[in-house]
Amino acid sequence: MVGKPMTYEIIDLPEGELITEPGFYRISLDRHHNQPCDGVSVTSGVLRKMNKHGPSKVWATHILNPNRHEPKRTDALRLGSAMAAFIEGGIDGLNAEYQTVAENAPNRPTKAQLQALKEGRASKTAIASIAFWEEVDRDGREVIKEHELELMAAMGLALSQDPAASAVLGGEPEITMTAYDERNKLWLLSRPDNMNFQGLMSDYKKVNTQGAPFDGYFCDRRIEDHGYYCQMAFAADVFERLTGVWSDQSGLIFQEDTAPYDCILRGLSEEDLRFGQFLNNQAARQFRECLDANHWPGPGEVVGMFHMREERRLALLEQMQTAGLAP
């Protein structure tokens, strides 16, 4: 029977078990993203992708798609996740999910080197490289380099010395909040970087400005471009479904990845969160419809008319009028 949890305890879900009741769960990030419930679940990332890129892009890499493409793991995403693990659990938390390799570690073997090994003509250097990376891959944890670990340590120190950032990172890290959406028959999984049972929700974003000024305007553009207001609205929505309390303390912590590793905290207004909630609900309905119909349309399904840029259109009209040939 789907309903609200009677208490707000955090449940340690044993390996191999599925979530069958709404609540607050301590599970790995990998389980969070890989359908941990006894029914279909959606995360903020899936809903934001539905809104920004459309159904076809969601289904292309979705775990429920038997013909899915493996999603690309960018360096930015890898290091951002590693930094979050370091902030939440220190070096032990980082080591639980990542392994550090030396700066002078050999490069990953190429396809040509692997083929040469099969044919018995690999060089000693290639053999050493293949053996090294086979051992790394057997470990199973993602890889970071020594210089990346040093960067995270420096950023972590700067973050801990920022009073505003420290204040909003003082709750429970990486808890999967799980509620059931009766209307769309979907489990909703939200996992803010930090939350507490008074309704404070925060998420950490490591950023590189590519030379642009690191200021409030930069952070606001990131929030809008990446739909982070939808991400935090999703957390507020799931929290309300579980507790009956709407979170009015949602925000994002941005930290620049160059010295002095400054931090900027951006709060989200009630209006911003309600905008995000509207878009999330819209995306959840669309996800359910696509799943039921087994149809995930791409952007070319609806044929549209060409729209010339307005400034170009006006310039051409002026030229044609001058020539007495205006349409």
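So, a few notes on the structure that sits alongside this text. (Residues numbered from 1 in each chain as written. Predicted model: local features only at pLDDT ≥ 70, side-chain atom pairs only at ≥ 80, totals over all residues. Heavy atoms only, no water.)

### Section: the nonpolar core
So, step 1. Ranked by internal contacts, the top residues of the largest apolar core, which has 42 residues, are Phe 24, Met 177, Phe 254 and Phe 287.
So, step 2. The leading source of residues in this core is helix H10 (residues 228–243), at 11 residues.
So, step 3. Leave out the neighbours within four places in its chain, and Phe 24 touches Tyr 8, Glu 9, Ile 10, Ile 11, Ile 175, Thr 176, Met 177, Met 195, Phe 197, Phe 239, Leu 242 and Thr 243.
So, step 4. Leu 79, Ala 82, Leu 94 and Tyr 204 belong to the second largest nonpolar core, which has 20 residues in total. (Core = buried A, V, L, I, M, F, W, Y, C linked by side-chain atoms within 4.5 Å. Buried < 20%, exposed > 50% of the residue type's maximum accessible area, 1.4 Å probe, protein only. Helix = DSSP H or I, 4+ residues; strand = E, 2+ residues; numbered from the N terminus. Contact = heavy atoms within 4.5 Å.)

### What to know about the sheet that holds strand E11 (residues 249–256)
So, step 1. If you trace the five strands from one edge of the open sheet to the other, you get E6-E9-E10-E11-E12, paired in mixed fashion. Each edge of the open sheet is held by one strand with a lone partner, namely strand E6 (172–173) and strand E12 (263–267).
So, step 2. On the sheet, helix H9 (residues 216–225) packs against strand E10 (200–207), E11 and E12 and is oriented at approximately 55° with respect to E12.
So, step 3. Its contacts with the sheet put H10 on strand E9 (194–195), E10 and E11, and the angle it makes with E10 is roughly 155°. (Pairing = 2+ DSSP bridges. Axes fitted to C-alpha atoms, helices over the stretch in contact; angles between N-to-C directions.)

### Topic: the environment of Arg 285
So, step 1. Note that Arg 285 resides in helix H11 (residues 270–293).
So, step 2. Other than its neighbours up to four places away in sequence, Arg 285 contacts Arg 183 and Asn 184.

### Some thoughts on the state of the cysteines
So, step 1. Under the criterion given, the structure shown has zero disulfides.
So, step 2. Free of any disulfide, Cys 230 has its nearest neighbouring cysteine sulfur in Cys 290, separated by 17 Å. (Disulfide = S-S within 2.5 Å.)

### Here we look at unusual backbone geometry
So, step 1. Here the residue pair Ala 259 and Pro 260 is connected by a cis peptide bond, since its omega of 10° sits within 30 degrees of zero.
So, step 2. Assignment of secondary structure puts Pro 260 in the loop between E11 and E12.
So, step 3. One non-glycine residue, Gln 35, adopts positive backbone phi at about 55°.
So, step 4. In the Ramachandran plot, Gln 210 falls in the positive-phi region, its phi being about 55° despite a non-glycine side chain.
So, step 5. By the element assignment, Gln 210 lies in the loop between E10 and H9.
So, step 6. Exposure remark for Gln 210: the relative accessible area of 70% places this residue in the exposed category.

### Here we look at the pairing of E10
So, step 1. Here E10 lies mainly inside the structure; seven of its eight residues are buried.
So, step 2. Sheet topology note: the E9/E10 ladder contains two bridges and is antiparallel. Bridged to Asn 194 within E10 is Ser 202.
So, step 3. In this antiparallel pair of consecutive strands, E9 and E10, the connection spans four residues, and Gly 199 shows a positive phi of 100°.
So, step 4. By the bridge criterion, eight bridges tie E10 to E11 in an arrangement that is parallel.

### Observations concerning the layout of surface pockets
So, step 1. In this structure, the second largest pocket encloses a volume near 190 Å³.
So, step 2. Around the second largest pocket sit Asp 220, Ile 223, Glu 224, Tyr 229, Arg 266, Gly 267, Leu 268, Asp 272 and Phe 275, which together line it.
So, step 3. Looking at the lining of the second largest pocket, the elements that each hand over two or more residues are H9, E12 and H11.
So, step 4. The leading source of residues in the lining of the second largest pocket is H9, at three residues.
So, step 5. For the lining of the second largest pocket, the residue count by class is four nonpolar, one polar and four charged. (1 Å grid on protein atoms, 1.4 Å probe; cavity = no way out; pocket = protein on both sides within 12 Å on 5 of 7 lines; lining within 4 Å. Points joined across faces, edges and corners; volume = space filled by probe spheres on them. Nonpolar A, V, L, I, M, F, W, Y, C, P; charged D, E, K, R; others polar.)

### Considerations on empty space enclosed by the protein
So, step 1. In this structure the tally under the stated criterion is one cavity of 30 Å³ or more.
So, step 2. Volume-wise, the largest cavity comes out at about 30 Å³.
So, step 3. If you go around the largest cavity, the residues you meet are Leu 47, Asp 181, Leu 188, Phe 234, Asp 237, Arg 241, Asn 280, Asn 281 and Ala 284.
So, step 4. Of all elements in the fold, only H10 and H11 reach the threshold of two or more residues within the lining of the largest cavity.
So, step 5. Here the residues of the lining of the largest cavity sort into four nonpolar, two polar and three charged.

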